[in-house]
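Structural overview
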Amino acid sequence: MKKGIYQHYKGIYYLVITEATLEETLAPMIVYQALYDEYTLWIRSQEDFLSHVTSEKLGYSGPRFLYIRDWTGQDEKNHPKRLSSL
């Protein structure tokens, strides 16, 4: 899983921080952080993170999260509330 900025299909941006393993099932998980408001940390199964979604309401069919680009030094300035280590 490539670390960096991803866009959720509803338009919001997140930073993928790392991969993890769920202790109970050993399922691969993705740890990511919102790049807005309170910069909430999230965890989602890798399968769900990489899934394809279709929303007739939004007129969208594609990946749930779309890789946009690597994290840059400018992002450090724009998002000071993000986790301090990647």
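Relevant structure appears above.
Note that the structure is a prediction, hence the values are computed from the model and not measured.

About the cut-offs
Residues numbered from 1 in each chain as written. Predicted model: local features only at pLDDT ≥ 70, side-chain atom pairs only at ≥ 80, totals over all residues. Heavy atoms only, no water. Helix = DSSP H or I, 4+ residues; strand = E, 2+ residues; numbered from the N terminus. Buried < 20%, exposed > 50% of the residue type's maximum accessible area, 1.4 Å probe, protein only. Pairing = 2+ DSSP bridges. Axes fitted to C-alpha atoms, helices over the stretch in contact; angles between N-to-C directions. Phe/Tyr/Trp six-rings, centres within 6.5 Å; stacked < 30°, edge-to-face > 60°.

**Re the side chain of serine 51**
Here serine 51 is to be found in the loop between α1 (46-49) and β5 (52-55). Serine 51 sits in the buried class, given a relative accessible area of 18%.

**As for the sheet that holds strand β3 (residues 28-34)**
Strand order in the open sheet formed by five strands is β4-β3-β2-β1-β7, and the pairing between neighbours is antiparallel. A single partner strand is all that each edge strand has here, and the edge strands are β4 (41-45) and β7 (65-69). Ignoring strand direction, the axes of neighbouring strands in this sheet form an average angle of 40°. Sheet analysis places strand β2 (residues 13-21) next to β3, joined by seven bridges and oriented antiparallel. Considered in β3, the bridge of alanine 20 is made with methionine 29.

**Brief notes about the packing of aromatic side chains**
Under the defined criterion, the tally for this structure stands at nine aromatic pairs. Ring geometry for tyrosine 6 against phenylalanine 49: centres 5.5 Å apart, planes inclined by 75°, an arrangement best described as edge-to-face. With tyrosine 6 in strand β1 (residues 4-8) and phenylalanine 49 in helix α1, this residue pair connects regions lying 43 residues apart in the sequence. Residue tyrosine 6 shares its accessibility class with phenylalanine 49, and that shared class is buried. Ring centres of phenylalanine 49 and phenylalanine 65 lie 4.0 Å apart, and the angle between their planes is 0°; on these two criteria the pair is classed as stacked. Here phenylalanine 49, found in helix α1, pairs with phenylalanine 65, found in strand β7; they are 16 residues apart in sequence, far enough to count as distant. By relative accessible area, phenylalanine 65 is classed as buried at 5%. Aromatic ring contacts, followed pair by pair, group Tyr6, Tyr14, Tyr32, Tyr36, Phe49, Phe65 and Tyr67 into a single cluster.

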